[in-house]
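Structure assessment
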Amino acid sequence: MTNPNPSRRRLLAGGVAAAAGALAGCLDGSVTGGPADGDDDRVLALTLDDAGDTLRDTAVVDLAAAGPGWDEAAFKSARNGERYTTQYRKPFPSASDDPTYAAHEGTYYRLSSVVVDEAEATRPVLRLFEADGADGGNGTDADGETDDDGNGAVGKQTLPAGDRRAVEIAHFSARARGDVGGVPVGLVERGGYVYRDADAIDASELLDGDGPNRVTYRDTVYRVAVTRERFYEPVYRAVAEPVAESPERMEAIVRARTVGARIEGDDLSADARAVIDAAARGGYEESHPYSDGYAEVLRAIHERPYLDGNIRKDAGWSESGSERIRYDDRYYDYRLQFQSA
C-alpha cells in the first residue's frame, strides 16, 4: 500500500530531505497493530549517535593516562594475587553492570571487587543550618545542636580544601531542608557531609572544637553543626581477572557485552538505509502507521514491540537503547522515543 502524503514522516536533519521522498508505503494493521487510538499526532523518533569503529579504546583503562581516581596499587596487588582491601569505597569504581578493564604488558584484565568483611568506624558529620532564625534562631535544632554565634561567620573560600568540599555538599541538604527538590544522591549522606579522608580531617578547621561555627556560602550564612557518628561500612577486596591476551579478543568481549543488533547495509532496502542515514545525521521520525523502510529498521534493531501487537502497551516495556548496534563497520548508540508531532 502506497501513501503519497509525506506529512506523517519527517526528517530531523537538514540536507537529507530528499531521502524522505523515497520512503513511501505503509504496513497493514495486522503488522503494526492497527490505529494508534487517536494518537495520530504522536511520532516515533529514532536517533543514532556514532560510537566509533572500536569499543575497547573507551572500555579499557589507559594506565599511562589514568587520573587520580585510578587505584593502581589495588590493580598491582590483585594482579599479583595479593590481598588488597579498601573500606567503604570500591577500589575500582564502576557500576555493577559496567565493569572496568585494564591492560598490562599485553594482558587485559577485568577489574571488580567483592565484599569480604564489615568494619565499624566513627566519622565526623558536618551539617549546615541557615542562621537567619529559620531553625529556631539561638535555640536548639532537632539534632540537639546549640546555635552559638561566638566566632562569627567565615567565607567558604577561606577554609581548607576538605572543608570547602564539605560545605558545598552540606549546602545541598541545608537548601533542601523543608523544601521540595531533593538532594544529590551519592554526595549528601545523613543530611550532610561525612568526612572519611584522614588528611582532610587533620587539616579541617570546621571539625576543630575552637573553629568557626558559622560559614558563608552563596550569600547565605549557615550555622555549623558537627557530630561524630557510628558507621558500619563494607570492606572490599580488589579482583583483577585476566580475560584476554590480544586486542581482538578484548574487542570481542566488549562487543558481546554491549552490542545487540548487527546490521549489514547490503541486507537492507534503500528505504531502510535512508532511515538509518537520516537518524545518524540528527534524527528521523514518523507517525503511525510506519513506512516499510522504518518498519524494516525497527525489526533490524530488534525493536519489534513498536510494531507487533498493541503499540501503546508493548512499546512502553521496550528497553530502547539498552544495547548498542553495529551498522556495517561502525557502532552506534541509539534511542527510540515517542514525541509530539
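**Focus: the overall build of the protein**
Secondary structure summary: the protein contains ten helices and 14 strands in total. Across the 341 residues of the protein, 40% fall into the buried class. Of all intrachain contacts in the protein linking residues separated by at least 6 positions in sequence, the fraction that spans at least 24 positions is 75%. With an accessible surface of roughly 18,200 Å², the protein has 45% of that area assigned to carbon and sulfur atoms.

**Thoughts on unusual backbone geometry**
With an omega of 5 degrees, the peptide bond running from His-288 to Pro-289 counts as cis. Tracing the sequence through the fold places Pro-289 in the loop between strand E12 (284-287) and helix H9 (292-300). Positioned with a positive phi, Asp-219 is a non-glycine residue whose angle comes to about 65 degrees. Tracing the chain through its elements places Asp-219 in the loop between strand E9 (214-217) and strand E10 (220-244). Look at Asp-219 and you get exposed, because its relative accessible area is 80%.

**So, the confidence of the model for the protein**
Mean pLDDT for the protein: 79, with 73% of residues reaching 70 or above. Confidence over residues 134-151 falls short of pLDDT 50; this stretch has 34 contacts with residues more than four positions distant or in other chains.

**Notes on the pattern of salt bridges**
Under the definition given, this model contains eleven salt bridges. The salt bridge partner of Glu-168 is Lys-156, with a shortest N-O separation of 2.9 Å. Taken together, the residues span a long stretch of sequence, with Glu-168 in helix H5 (residues 161-176) and Lys-156 in the loop between strand E7 (153-155) and H5 at a distance of twelve residues. Owing to a relative accessible area of 29%, Glu-168 belongs among the partly exposed residues under this scheme.

**Notes on helix H4 (residues 72-79)**
Among all positions of H4, only Ala-74, Phe-75, Ser-77 and Ala-78 are buried. Summarising the contacts, the buried residues of H4 are in contact with strand E5 (100-104), strand E6 (107-130) and E10. Taken from the residues just after H4, Gly-81 is the one with a positive phi, measuring 80 degrees.

**Quick word on the nonpolar core**
Side chains of a nonpolar character, in soluble globular proteins, are inclined to be buried together. Judged by nonpolar contacts, the single largest core of 26 residues is most densely connected at Leu-46, Leu-48, Ile-263, Tyr-294, Leu-298, Ile-325 and Leu-336. Elements with a contribution of two residues or more to this core: strand E2 (42-52), strand E11 (259-263), helix H8 (270-280), H9, strand E13 (324-327) and strand E14 (330-340). Among the nonpolar cores identified, the runner-up in size contains 17 residues, and Leu-128, Ile-169, Val-188 and Tyr-195 belong to it.

**Focus on the packing of aromatic side chains**
If you walk through the whole model with that rule in mind, you get five aromatic pairs. Ring centres of Phe-75 and Tyr-109 lie 5.5 Å apart, and the angle between their planes is 80 degrees; this geometry places the pair in the edge-to-face category. Separated by 34 residues along the polypeptide, Phe-75 in helix H4 and Tyr-109 in strand E6 bring together distant segments of the chain. Each member of the pair, Phe-75 as well as Tyr-109, is classed as buried. A centroid spacing of 5.1 Å and a plane angle of 85 degrees characterise the contact between Tyr-284 and Tyr-294, whose relative ring orientation is edge-to-face. Here Tyr-284, found in strand E12, pairs with Tyr-294, found in helix H9; they are ten residues apart in sequence, far enough to count as distant. Grouping residues by exposure puts Tyr-284 and Tyr-294 together as buried. Each member of the aromatic cluster is reached from another via a ring pair, and the members are Tyr-284, Tyr-290 and Tyr-294. Looking at Arg-42, its charged tip hangs above the ring of Phe-338, at a distance of 3.8 Å from the centre. Stacked on the ring of Phe-75, the Lys or Arg Arg-79 has its end atom at 5.0 Å from the ring centre.

**Let's talk about the pairing of E5**
Where strand E3 (residues 60-61) meets E5, two bridges bridge the pair, whose relative direction is parallel. When the sheet's bridge partners are listed, Val-61 is paired in E5 with Ala-102. Here E5 pairs with E6 via five bridges, running antiparallel. Paired with Ala-102 across the two strands is Tyr-109, which belongs to E6.

**Remarks on the environment of Ile-276**
Relative to the assigned elements, Ile-276 resides in helix H8. Note on Ile-276: relative accessible area 7%, which makes it buried. Along the sequence, Ile-276 and Tyr-327 sit 51 residues apart, while their C-alpha atoms lie 9.1 Å from each other. Among residues more than four places away in sequence, those in contact with Ile-276 are Leu-48, Leu-268, Val-297 and Tyr-327.

**A short note on the packing of H8 against H9**
Between H8 and H9, the least distance of the axes is 8 Å, while the angle of their chain directions is 70 degrees. Between H8 and H9, the crossing angle belongs to the class labelled roughly perpendicular. In this structure, H8 contributes Asp-271, Ala-272, Val-275 and Ile-276 to the contact, and H9 contributes Gly-293, Tyr-294, Glu-296 and Val-297. Tallied by class, the residues present in the contact of H8 with H9 amount to five nonpolar, one polar and two charged.

Thresholds applied
Residues numbered from 1 in each chain as written. Predicted model: local features only at pLDDT ≥ 70, side-chain atom pairs only at ≥ 80, totals over all residues. Heavy atoms only, no water. Helix = DSSP H or I, 4+ residues; strand = E, 2+ residues; numbered from the N terminus. Buried < 20%, exposed > 50% of the residue type's maximum accessible area, 1.4 Å probe, protein only. Contact = heavy atoms within 4.5 Å. Areas by Shrake-Rupley, 256 points an atom, 1.4 Å probe, with all protein chains shown as cover. pLDDT = per-residue confidence, 0-100. Salt bridge = Lys/Arg side-chain N within 4 Å of Asp/Glu carboxyl O. Core = buried A, V, L, I, M, F, W, Y, C linked by side-chain atoms within 4.5 Å. Phe/Tyr/Trp six-rings, centres within 6.5 Å; stacked < 30°, edge-to-face > 60°. Lys NZ or Arg CZ within 6 Å of the ring centre and 35° of its normal. Pairing = 2+ DSSP bridges. Axes fitted to C-alpha atoms, helices over the stretch in contact; angles between N-to-C directions. Parallel < 35°, antiparallel > 145°, perpendicular 65-115°, else oblique. Nonpolar A, V, L, I, M, F, W, Y, C, P; charged D, E, K, R; others polar.

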